[in-house]
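Spelled out from the first residue to the last, the chains are:
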Amino acid sequence: MGYFNMRIFYFILFSVTLSFGQALTWDPLFPTDNDTITITYNANEGNKALEGVSPIWAHTGVITDKSPNPNYWLYTIAEWETNLPKAQMTNIGTDSWQIRFHVRSFYGVPAGETIQQLAFVFRNASGTKVGKTADNQDFFIPIYQQGVNISLVNPTTNTFIAEMGDEIPIITKTTSAIKQELFLNNQLLTETTDDSLYYLFTPQDYGFYQFTAIATDAQNNTEQTEFTIVVNTPVNIADLPSGVRDGINRTGSNSATLVLTAPLKEFVYVIGSFNNWEMSQDYYMNKTPDGNRYWLEIDGLDPETEYTFQYLVDGSIRIADPYSDKILDPTHDKNITDDTYPDLTPYPIGETTEAITAFKINQDEFTFTASDYEKPQIKNLVIYELLIRDFIQEHDYKTLTDSLAYFKRLGINAIELMPINEFEGNESWGYNPSFYFAPDKYYGPANDLKTLIDEAHKLGIAIIQDIVLNHAYGQCPWVRLYGDQMDQNPWFNEKSPNTSYAWGYDFNHESEYTRAFVDSVLSYWMTEFKVDGFRFDFTKGLTNTPGDGWEYDPARITILKRIADHVWSVDSTAYVILEHFAANSEEKELSAYGMMLWGNINTPFTQSAMGYTNDSNISGISASYRGWTEHHLVGYMESHDEERMMYKNLQWGNSAGTYHIYDLQTALERVQLSAAFFLTVPGPKMIWQFGELGYDYSIDYNNRVGNKPIRWDYYQDADRRQLYDVFAALAHFRKLKAFQEGSFNFNLSTFLRTVRISHDSMNTVIIGNFNVTESYIIPNFQHTGLWYDYLDGNHIDISQTQQAILLRPGEFHVFTDVQLEKPFITKIDENELAPVTFKLYDNHPNPFNASTRIDFELEKSDHICLDVFNITGQHIVTLVDNQLEQGRHSFVWNGKDSNDNIMSTGVYLYVIASSTTRYSKKMLLLK
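Conventions adopted
- Residues numbered from 1 in each chain as written.
- Predicted model: local features only at pLDDT ≥ 70, side-chain atom pairs only at ≥ 80, totals over all residues.
- Heavy atoms only, no water.
- Helix = DSSP H or I, 4+ residues; strand = E, 2+ residues; numbered from the N terminus.
- Buried < 20%, exposed > 50% of the residue type's maximum accessible area, 1.4 Å probe, protein only.
- Phe/Tyr/Trp six-rings, centres within 6.5 Å; stacked < 30°, edge-to-face > 60°.
- Lys NZ or Arg CZ within 6 Å of the ring centre and 35° of its normal.
- Salt bridge = Lys/Arg side-chain N within 4 Å of Asp/Glu carboxyl O.
- Pairing = 2+ DSSP bridges.
- Axes fitted to C-alpha atoms, helices over the stretch in contact; angles between N-to-C directions.
- Patch = residues over 30% accessible without salt bridge, like charges linked within 9 Å, V, L, I, M, F, W, Y side chains within 5 Å.
- Areas by Shrake-Rupley, 256 points an atom, 1.4 Å probe, with all protein chains shown as cover.
- Lys, Arg positive; Asp, Glu negative; His and termini not counted.
- Charge placed at Lys NZ, Arg CZ, Asp CG, Glu CD.
- Polar contact = N/O pair within 3.5 Å; in protein donor to acceptor, adjacent residues only side chain to side chain.
- Contact = heavy atoms within 4.5 Å.
- Expected span 1.5 Å × (residues − 1).
- pLDDT = per-residue confidence, 0-100.
- Core = buried A, V, L, I, M, F, W, Y, C linked by side-chain atoms within 4.5 Å.

Some words on unusual backbone geometry
Look at the link from Asp27 to Pro28: it is a cis peptide, with omega at 15°. Looking at the element boundaries, Pro28 is found in the loop between strand S2 (24-27) and strand S3 (36-42). Of note, the amide linkage connecting Asn846 to Pro847 takes the cis form, showing an omega dihedral of 5°. Among the secondary structure elements, Pro847 is positioned in the loop between strand S47 (838-840) and strand S48 (852-858). A positive phi angle, near 55°, is found at Asp343, a position not held by glycine. For Asp343, the position within the fold is in the loop between strand S25 (327-328) and strand S26 (356-359). For Asn780, which is not glycine, the phi torsion reads 60° and is therefore positive. Mapped onto the elements of the fold, Asn780 is located in the loop between strand S42 (775-777) and strand S43 (785-789). By relative accessible area, which is 30% here, Asn780 ends up partly exposed.

Structure, rendered in structure tokens:
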């Protein structure tokens, strides 16, 4: 480092501010909670994310003695999206910003609570760009107490990496001290009575130098600070051992070989629970001759102990292993309950910072048992997209497993899980990924996810994983490795080439490093978890071609075909689904190659459901309408990115006379009408969670990605249950041979719509009126004679193929020329059918332990459903779903769900329903 300039020393020594890597400075140097502090942020330093941005806001809170860990913010002054006037920074020059405030009153911290640090990040108005430290960490400013204090001015970090012969100025400053002392390995180096101490240290040997600086006041009170200067030995150059790969390699019963790819980095230590989180020569990693990888074999491990570790790169960057299958988080793990993730290893607070890897030699084994499972064919897919967090209150895999019967009854044969690999925080949609090989712990342990997949396969239900390969976020170790030097990052572009859409950090899919990562992560989920395929998020962005992504892009096609080929090399039957939305010529080519593509028909379907003509042509639900040769269009009326149909119906539904679409029951009937022209068009279809129950909360409820109410009680509402039954009937209708092999003819562009299916086994005509007034429709029946209404079991006699039929507004029919078994549809029109009445008796015993008996008495024969729900409305088990005769009936519930799992103590509902009537009672299970 050369000779230390004394002018620099005096500048540092007498400066009144302390810097955070020059990105952040503050005055006074030793602020107390009763001081007015001036904070200056230099956007040209740190991660430089706000360079050239204006205006800038401070997002800030405090760390206090009440914080559960040293990184946990309290008294944050505003929500992320709120541009609070007092948090707006003042521009004091090019990319320099300042804010000034009185500490305790600014944050509103109550008297008696000790403020330990101020916490900051900085952001633009929308919060899409965030200024942090050079290695993407939050800024923290210490708050001092009255009395003696000491601060290390130089080195600027508590662990400083030096080279042999460097001249390193050691500078400390104090308040209220009469003496400062500097010790090296407990040996006094120098002392002073000034408030500033200076010592020039020149290391002469390799090793670790432990320093302690102590300040003492007149009352003999002391305060100290400790730091380490490290002089690394030359890195050992050695070939990678045979048979190992990136990540954790369990090479023996007591050993593991760690491999990290980190081009352009100088050295790496492994720190962890096996070495007290300290740098040690024994954990100094070898480097491969090409300089790209670091590796270390660690032995003497207990095969049953879960160890935790990080890589400490170049002395300052702490990262978990990018290939971790389990990580621990210092901030968010405390919000994961033992019910969700039993016996979760606690994060070692105070030992390190940032995410860490958790692993053990003997992993918990899991045996898949769905041996006869075959994936549903693409053309038969009815996919159910769901966000675990907003689907079940427990937000875990095991509860979702208990709910599989709900999907089976609905006719679902594939569940698409929104991203489940570790993402930033807990409460997220998951499109901000960070660790790609680790199932997010907020949803439960990895083996619970495997159980979900295995049990779904036993029911013939595929599991599709939503995965984000366009971008990663700041917690991703490959992002943190390079910080503000993204031009050196072998996995990412320096910035996104997409001029319209950009999130997080943009993967460079032309890089060999990214290709290897993509192949490994996809192989991992297909082999380790047996997922049936992937929905790839924002595939329009998987290119380095500049522009908005809408035009035909040969480079992108090459990238996507390469990814699909790899998926199919692992599993030739795996699903490859793209969220693409690019030129039709490009989508057509990708479809012909074997990929499926999302088909967003939200606007036409919702406009139709609301009874409006504008943009209401739903013909785009058909792949053939787009000129595709394969039915690989995953059509949907709703998705997580679209506004709810029922919300629109209730808010803006059209009306005429006494017919009002904005009335609840009419709005639900309009969703039934839409479903009849959605599910009966060939090709895979997707339902967004609770659409089958008429979910009616806006996408913007509690902010776009915020938690939405979980309304399982909708399933018990007769009006909404009828909608569910119609969805189910139409989903099961798709399994018929005529639907699978027939020829189709559509009229989907007008208010009066038809779908005609012709086949030797059966002909079908579906008609519907999307207007708000009654109209005649000419269905063009294939022949005269009897036609049967699939949904209500009635029939009509057609004397002319051009016979006109009068349809009320919103009325629809599914006519077949073969009488099918009538599906069960909950009846809600009590004027049409006399109610089937029954007596529902109290269960006995109540409360109960092992089992209880439920009795009821029918006035006449009818189809009866008897279901058990928990108090939050989650379905537990169906005891009866059958035609029962008049008279008294008894059924016993053994306190278990449909998967034979024993339920916990609590209040449960038993709900009995006929075609026209529904009752419920409470019972108490004691375990």
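After that view, the rundown keeps rolling.
Brief notes about the packing of aromatic side chains
A full pass over the atoms with the stated rule returns 72 aromatic pairs. Between Phe106 and Tyr107, the aromatic rings sit 5.1 Å apart at their centres with planes inclined by 85°, giving edge-to-face as the arrangement. Of the residues examined, Phe106 reaches a relative accessible area of 9% and is grouped as buried. Ring centres of Phe274 and Tyr283 lie 5.4 Å apart, and the angle between their planes is 15°; on these two criteria the pair is classed as stacked. Tyr283 shares its class with Phe274; the two are buried. Here the guanidinium or amino end of Lys86 rests over the ring plane of Phe106, the centre of that ring lying 4.5 Å away. Directly above the ring of Phe529 sits Lys450, whose terminal nitrogen or CZ lies 5.1 Å from the centroid.

Overview of the pattern of salt bridges
Opposite charge on two side chains makes pairing possible when the charged atoms of those side chains draw close. One pass over the structure, following the stated rule, counts 32 salt bridges. Here Asp532 makes a salt bridge to Lys375, at a shortest N to O gap of 3.8 Å. Placement of the pair is Asp532 in the loop between helix H8 (512-528) and strand S32 (533-536) and Lys375 in the loop between S26 and strand S27 (382-386), with a sequence separation of 157 residues. Residue Asp532 is classed as buried on the basis of its relative accessible area, which comes to 2%. Across the pair Asp396 and Lys398 runs a salt bridge, and its minimum N-O distance is 3.4 Å.

Observations regarding the sheet that holds strand S10 (residues 149-154)
Read across the open sheet, the three strands follow the order S10-S12-S15; overall the sheet is antiparallel. With one partner strand each, in any of the chains shown, S10 and strand S15 (196-201) form the two edges of the open sheet. For this sheet the average axis-to-axis angle between neighbouring strands, irrespective of direction, equals 20°. The pairing of S10 with strand S12 (residues 168-175) spans five bridges and is classified as antiparallel. Looking at the pairing, Asn154 lines up with Ile171 of S12.

A look at the sheet that holds strand S50 (residues 875-884)
Pairing in this open sheet of four strands is antiparallel, and the strands run S50-S49-S52-S53 from one edge to the other. Either end of the sheet is taken by a strand with one partner, and the two such strands are S50 and strand S53 (918-925). Averaged over all pairs of adjacent strands, the angle between strand axes in this sheet comes to 15°, irrespective of strand direction. One ladder, built from eight bridges, connects strand S52 (residues 906-913) with S53; its direction is antiparallel. Residue pairing across strands places Val907 opposite Leu924, the latter belonging to S53.

Regarding the pairing of strand S5 (residues 90-93)
One ladder, built from three bridges, connects S5 with strand S6 (residues 96-102); its direction is antiparallel. Paired with Thr90 across the bridge in S6 is Gln98. The hairpin turn running from S5 into S6, its antiparallel successor, is two residues long, and Asp95 in that turn takes a positive phi close to 60°.

Notes on a negative patch on the surface
Residues Glu45, Glu51, Asp484, Asp487 and Glu494 make up a contiguous surface patch of negative charge. Inspection of the secondary structure assignment puts Glu51 in the loop between S3 and strand S4 (57-64). Residue Glu51 is classed as partly exposed on the basis of its relative accessible area of 42%.

A few points about the side chain of Glu692
Checked against the element boundaries, Glu692 lands in the loop between strand S38 (685-688) and helix H14 (718-733). Although buried, Glu692 forms no salt bridge, and the nearest oppositely charged side chain, Arg644, lies 6.6 Å from it. In this structure the side chain of Glu692 is engaged in a polar contact, spanning 2.7 Å, whose partner is the side chain of Tyr384. With residues near it in sequence (within four places) discarded, Glu692 still touches Tyr384, Tyr406, Leu410, Ile687, Arg720, Leu723, Tyr724 and Phe727.

Quick word on the side chain of Glu643
As for its placement among the helices and strands, Glu643 is situated in the loop between strand S35 (633-636) and helix H12 (645-652). Although Glu643 is buried, it forms no salt bridge, and the closest oppositely charged side chain is Arg644 at an N-O distance of 6.5 Å. Of the polar contacts made by the side chain of Glu643, one reaches the side chain of Ser698; its length is 2.8 Å. In this view, Glu643 contacts Asn602, Glu638, Lys648, Tyr697, Ser698 and Ile699; residues no more than four positions away in its chain are not counted.

Here we look at H8
Between the first and last C-alpha of H8 there are 24 Å, a value that for 17 residues agrees with the 24 Å anticipated at 1.5 Å per step. Where H8 is concerned, the buried positions are Thr514, Phe517, Val518, Asp519, Val521, Leu522, Ser523, Tyr524, Trp525 and Met526. Lining the buried residues of H8 we find helix H6 (446-458), strand S29 (462-467), helix H7 (477-482), S32 and helix H9 (554-570). If you check the start of H8, you find a side-chain oxygen 3.1 Å away from the backbone N of Tyr513, and it comes from Ser511. Among the residues trailing H8, Lys530 stands out with phi positive, at a value near 60°.

Section: the environment of Tyr269
Along the chain, Tyr269 falls in strand S20 (residues 268-272). As for Tyr269 and Leu668, which are separated by 399 residues in sequence, their C-alpha atoms are 61 Å apart. Other than its neighbours up to four places away in sequence, Tyr269 contacts Phe208, Val230, Asn232, Met279, Ser280, Tyr283, Tyr284, Gln310, Tyr311 and Leu312. A distance of 2.5 Å separates the side chain of Tyr269 from the side chain of Asn232, its partner in a polar contact.

Considering the confidence of the model for the protein
Averaged over every residue, the pLDDT of the protein is 93; residues scoring 70 or more account for 96%. Of the regions scoring below 50 in pLDDT, residues 829-835 engages in 10 contacts with residues more than four places distant in sequence or in other chains.

A short note on the nonpolar core
In this structure, Phe407 and Leu522 are the most contacted members of the largest nonpolar core, which totals 163 residues. Of all the elements, H14 adds the most residues to this core, at eight residues. If sequence neighbours within four positions are ignored, Leu522 has contacts with Ile467, Leu469, Phe534, Phe536, Ile563, His566 and Val567. Counting 31 residues, the second largest nonpolar core, distinct from the first, contains Leu24, Trp26, Trp97 and Phe122.

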